[in-house]
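Observations on the model geometry
Take a look at the letters that make up each chain.
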Amino acid sequence: MNRIYVILTIIVITVLSFYSCKSSKISTSGDETDVPDVALQELAVSCTDWESYSTSGKLTLSGAVSFSTSIQLKMVRGKCVAISIRPFLGIEVAKVFVNNDSAVVVNKIHKVYTAVKLEQFKHILPASINTIQDIILARPFTISDGTLSETNVKKFNIEQSDRGYTLSPRKTSKGISYQFTINENKQMEELIVTPDNSSKNYTAIYSDFATEKPCSEASRIKLDAIISGKEMSLQLYLNPSKTKWNSTIDESEIVGGSYRKISIAEMIDIIKSM
């Protein structure tokens, strides 16, 4: 069972890695609007009308630690992301809960949990829960101005490429550069994050798109990161037939009174001892 809790830690660290970790501008001439500009406008009006999202699938981790488990994923727009770990017969044994304020990892076997305030990472985490949700839903974003939409479309640069389009924020964030690869169907296929003064990239690769409204959902997401000097790969296999948009979701990080709060270091010690 130790691998179950190792993966919980890796999930949180991998997502946060994208936060801690410039392309050419749109070209217009006179009254003419070029092809990339049209593509950007079309992309900006897609996938903006959602309030909640839930699905189920599988999570696989490979690298220094290898593990695979069934999961349930739920999100409330702008509020939270909840990942339920269910490796045995659909029984929840652990949970990761992230909101704009904190990240909580609950170990249901030992009835302990650990929590960290996201404000502790402000110097390397200049983002919100919306950015996590954009990464999961394959939506272009800027850390400073949020999800690509009609209201902030001028905050992005776009250029045509062999694969479709390359999209990047006009305003880069301190310490990192990032860009998105968009295919001809206006679907985000790749996010590349490059920390300054580093030759290593953090990447998210998206494939197997389902075109159910209100979003074109990527059924397969592969996150590659470097954690403690080790290359790790996390893959999400989501089941579009289980996806529900804009349904009522009641998710919170509430932990029962029988659970004991421990530090991150103590949680790691418990994982190592199992």
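Remember, predicted model here, so these are calculated numbers, not experimental data.

Rules of the game
Residues numbered from 1 in each chain as written. Predicted model: local features only at pLDDT ≥ 70, side-chain atom pairs only at ≥ 80, totals over all residues. Heavy atoms only, no water. Helix = DSSP H or I, 4+ residues; strand = E, 2+ residues; numbered from the N terminus. Buried < 20%, exposed > 50% of the residue type's maximum accessible area, 1.4 Å probe, protein only. Contact = heavy atoms within 4.5 Å. Core = buried A, V, L, I, M, F, W, Y, C linked by side-chain atoms within 4.5 Å. Pairing = 2+ DSSP bridges. pLDDT = per-residue confidence, 0-100. Patch = residues over 30% accessible without salt bridge, like charges linked within 9 Å, V, L, I, M, F, W, Y side chains within 5 Å. Areas by Shrake-Rupley, 256 points an atom, 1.4 Å probe, with all protein chains shown as cover. Salt bridge = Lys/Arg side-chain N within 4 Å of Asp/Glu carboxyl O.

**Some words on unusual backbone geometry**
Despite not being glycine, leucine 89 shows a phi value in the positive range, around 55 degrees. Summarising the element assignment, leucine 89 is placed in the loop between strand S5 (80–85) and strand S6 (94–99). Assessed through its relative accessible area of 85%, leucine 89 is described here as exposed. One non-glycine residue, asparagine 246, lies in the positive phi region at around 60 degrees. By the secondary structure assignment, asparagine 246 is in the loop between strand S18 (244–245) and strand S19 (260–261).

**Observations regarding the side chain of threonine 142**
Checked against the element boundaries, threonine 142 lands in strand S9 (residues 141–142). Apart from residues no more than four positions distant in its own chain, threonine 142 is found in contact with Lys155, Phe156, Pro169 and Tyr178.

**A short note on the nonpolar core**
Of all hydrophobic cores here, the largest spans 54 residues; its most connected members are Leu167 and Leu191. Here the element with the most residues in this core is helix H3 (residues 129–137); it accounts for 5 residues. When neighbours within four sequence positions are excluded, leucine 167 is seen to be in contact with Leu40, Leu43, Pro140, Leu148, Phe156, Asn157, Ile158, Gln179, Phe180 and Ile182. Of all hydrophobic cores here, the second largest spans 5 residues; its members include Val76, Cys80, Ala82 and Ile249.

**Thoughts on the pairing of S6**
Here S6 lies mainly inside the structure; 6 of its 6 residues are buried. A two-sided burial pattern is seen for S6, the buried positions comprising Ala94, Val96 and Val98 on one face and Lys95, Phe97 and Asn99 on the other. Where S6 lies against strand S7 (residues 102–107), 5 bridges are found, and the strand directions are antiparallel. For lysine 95, the partnering residue across the bridge sits in S7 and is valine 106. Taking the residues between adjacent antiparallel strands as the criterion, S6 and S7 are bridged by 2 residues.

**Remarks on the confidence of the model for the chain**
For the chain, per-residue confidence averages 79 on the pLDDT scale, and 77% of positions sit at 70 or higher. Of all the helices and strands in the chain, strand S1 (residues 28–29) carries the lowest mean pLDDT, 36, while strand S12 (residues 164–169) carries the highest, 93. Confidence over residues 22–33 falls short of pLDDT 50; this stretch has 22 contacts with residues more than four positions distant or in other chains.

**A closer look at the environment of phenylalanine 88**
Mapped onto the fold, phenylalanine 88 is located in the loop between S5 and S6. Remark: the alpha-carbon pair of phenylalanine 88 and serine 70, spanning 18 residues in sequence, is separated by 8.1 Å.

**Some points on H3**
Along H3, 8 of the 9 residues are buried, which leaves the element largely enclosed by surrounding structure. A positive backbone phi angle near 60 degrees is found at alanine 138, which sits one or two residues after H3.

**Quick word on the environment of serine 177**
Residue position: serine 177 is located in strand S13 (residues 176–182). For the pair serine 177 and valine 193, spaced 16 residues apart in the sequence, the C-alpha separation amounts to 5.9 Å. Every residue in contact with serine 177, bar those within four places of it in the chain, is listed here: Ile192, Val193, Thr194 and Asp196.

**Describing a nonpolar patch on the surface**
A grouping of Phe88, Leu89 and Ile91 is seen on the molecular surface, where their side chains present a nonpolar patch of about 370 Å² in accessible area. Structurally, isoleucine 91 can be placed in the loop between S5 and S6. Taking the relative accessible area as the measure of exposure, isoleucine 91 reaches 49% and is therefore partly exposed.

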